[in-house]
Amino acid sequence: MSKSLHPRNNDVLKAGEMIPIIGSVFGRSRTYKLEHGLGTSPSEWTAAGIKLTPQDETFPFRDTLGIWDTSILAPNMLYSLRLTATDSTGNVSTETVIAIHLENAMKPNFPIHQSIGKEFSPDDWHSVVTEDLDGDGDDEIIVVEAGDLLGSPTFLHVYNHDGSLAWKHELGGSVPFHDLPLTGDLDGDGFIEIFTEGGTGGFLMGFRHDGTLMSGGWPVKISSRSLGKSMADLDGDGTHGDHRTDPRKFRWKFHFPTENSW
């Protein structure tokens, strides 16, 4: 049995780079080869530009099967990869990955890959928020990465403008979910705070721009999930309240920093 893990179907990768091909090959005395072709249903396959990892009796499991030199290929095109494994009796198995887009204009450190469990609906696309959290003139990228039913927790990830990870914080293990983070200067200190759901049991969590948890009464216990959130100065005192609408028709307003007003 053979299985390709990276790249994946519909991946967008930086053109011209050396791309590791990661996968698994199972079975006694198996050998394998890697090939690429143009388009989503190639009529021709070639191994040009692919350097295989030396093969021995240790069968690779989620390991680098080879390195793909994409500098020899035309950029901004779709390509497919094919992994073919053959055992000592001549039995052949194949795994094909299609629609790999080699993008020429992509910045270094991109794309940013987010893990999604199979139980997470592909129709619930990840929403990305951009905000200059620390006031340095460059926006950060804020996104929630859903966990899975196997125990992987949900994380809040914040990336720098260059794609490098600034910080991340675990939001707790629970049924996989996605949330659109709310951002704003809640306390008027000139730095942006981030608010998102998290944890089994339902909480609204508050983070400062550097990833530290807000103090006081945060996180706030909530009665349901998948809430719309907005921030506004409801009483004109110069600080924002975090106002949320619950789909179960309950409503709250949390006055900064932690007071449950009504």
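None of these values were measured; they are calculated from a predicted model. Counting starts from 1 at the beginning of each chain's written sequence and moves along it residue by residue. Whole-chain, interface and lining totals are the exception, using all residues; otherwise, since this is a predicted model, local features are given only for residues with pLDDT of at least 70 and side-chain atom pairs are given and counted only at 80 or more. As a convention, hydrogens and water are excluded, and side-chain values are obtained from all of the structure's heavy atoms.

Looking at the overall build of the chain
Where we set the bar: Numbering of helices and strands runs from the N terminus; a helix is a DSSP stretch of H or I covering at least four residues, while a strand is a stretch of E covering at least two. Remark: exposure states derive from per-residue accessible area (1.4 Å probe, protein chains only) relative to the maximum for the residue type, with buried under 20%, exposed over 50%, and partly exposed in between. Here a residue-residue contact requires only that any non-hydrogen atoms of the pair lie within 4.5 Å. Computed by Shrake-Rupley with a 1.4 Å probe, the accessible areas treat only the displayed protein chains as cover when residues are assessed.
A tally of helices and strands in the chain yields zero helices and 20 strands. The proportion of buried residues among the 262 residues of the chain is 42%. For the chain, long-range pairs separated by at least 24 residues make up 51% of all intrachain contacts whose partners lie at least 6 apart in sequence. Carbon and sulfur atoms provide 53% of the accessible area of the chain, an area that totals close to 14,000 Å².

Quick look at the layout of surface pockets
In this approach the atoms are scanned with a rolling probe the size of a water molecule, which exposes any empty space left behind. The following threshold applies: Using protein atoms alone on a 1 Å grid, points that fit a 1.4 Å probe yet trap it form a cavity, whereas open point sets bounded by protein on both sides within 12 Å along at least five of seven lines form a pocket; residues with an atom within 4 Å of a point count as lining. Grid points are joined across faces, edges and corners, and a volume is the space filled by probe spheres set on the points. We call Asp, Glu, Lys and Arg charged. Ala, Val, Leu, Ile, Met, Phe, Trp, Tyr, Cys and Pro are nonpolar, and the rest, Gly among them, are polar.
In this model, the second largest pocket occupies a volume close to 230 Å³. Along its surface, the second largest pocket is lined by 13 residues, and His-6, Leu-13, Glu-17, Phe-110 and Pro-111 are the ones closest to its centre. Examining the composition of the lining of the second largest pocket, we find that three residues originate from one element, strand β3 (residues 18–25), more than from any other. Per-class residue counts for the lining of the second largest pocket are eight nonpolar, three polar and two charged.

Overview of the environment of Thr-46
To keep things clear, this is the line we draw: In protein, a polar contact requires one atom able to donate a hydrogen and another able to accept it; more generally it is a pair of N or O atoms within 3.5 Å, and residues adjacent in sequence count only if both atoms are side-chain atoms.
Here Thr-46 lies in the loop between β4 (31–38) and β5 (50–52). Judged by its relative accessible area of 32%, Thr-46 is partly exposed. For the pair Thr-46 and Glu-35, spaced 11 residues apart in sequence, the C-alpha separation works out to 5.1 Å. With sequence-adjacent residues up to four places away left out, Thr-46 is seen in contact with Glu-35 and His-36. From its side chain, Thr-46 meets the backbone nitrogen of Ala-48 in a polar contact 3.1 Å long.

Re a negative patch on the surface
Operational definition: Residues form patches when they are more than 30% accessible in relative terms and have no salt bridge. Like charges link within 9 Å. Nonpolar side chains (Val, Leu, Ile, Met, Phe, Trp, Tyr) link within 5 Å. For this document, the term salt bridge refers to a Lys or Arg side-chain nitrogen within 4 Å of an Asp or Glu carboxyl oxygen. We count Lys and Arg on the positive side and Asp and Glu on the negative side, and we leave His and both chain ends out. Positions of charges follow a simple convention, taking NZ of Lys, CZ of Arg, CG of Asp or CD of Glu.
Taken together, the side chains of Asp-134, Asp-136, Asp-138, Asp-139 and Asp-162 define an acidic patch exposed on the protein surface. Among the structural elements, Asp-134 can be located in the loop between β9 (129–131) and β10 (140–145). Looking at Asp-134, the relative accessible area reads 33%, which means it is partly exposed.

Concerning the confidence of the model for the chain
Stated precisely, the cut-off is as follows: Values of pLDDT, ranging from 0 to 100, describe the predictor's confidence in every residue of the model.
Confidence in the prediction of the chain, expressed as mean pLDDT, is 80, and 75% of residues score 70 or more. Element-level mean pLDDT values for the chain span from 43 in strand β19 (residues 251–255) up to 95 in β5. Contacts from residues 243–262, a stretch scored under 50 in pLDDT, to residues over four places away or in other chains number 59 contacts.

Some points on the sheet that holds strand β8 (residues 92–103)
Heads up, the condition is: Strand pairing is assigned whenever DSSP detects at least two bridges linking the two strands. In this analysis, axes come from line fits to C-alpha atoms, helices being fitted only over the stretch in contact, and the angle between any two N-to-C directions falls in the range 0 to 180 degrees.
Ordered by their spatial adjacency, four strands build an open sheet running β2-β8-β7-β4, and the pairing between neighbours is mixed. The sheet is open, and its two edges are formed by β2 (12–14) and β4, each paired on a single side. The mean angle between the axes of side-by-side strands here comes to 35°, regardless of whether they run parallel or antiparallel. Taken together, the eight bridges between β4 and strand β7 (residues 77–86) define a ladder with antiparallel strand orientation. If you follow Lys-33 over to β7, its bridge partner there is Thr-84.

Thoughts on the pairing of strand β6 (residues 63–69)
Moving residue by residue along a regular strand, the side chains alternate between the two faces of the sheet. Bridge analysis of β3 against β6 gives six bridges, and the strand direction is antiparallel. Following the sheet pairing, Met-18 is matched in β6 by Asp-69. When β5 meets β6, the two strands line up antiparallel, connected through three bridges. Paired with Leu-52 across the bridge in β6 is Gly-66.

Remarks on the sheet that holds strand β11 (residues 154–159)
Overall, antiparallel pairing links the four strands, which are arranged β9-β10-β11-β12 in an open sheet. Unpaired on one side and paired on the other, β9 and β12 (165–172) mark the two borders of the sheet. Sheet twist, expressed as the average angle between the axes of neighbouring strands with direction ignored, equals 20°. Examined bridge by bridge, β11 and β12 share six bridges and lie antiparallel to one another. The residue of β12 that forms the bridge with Leu-156 is His-169.

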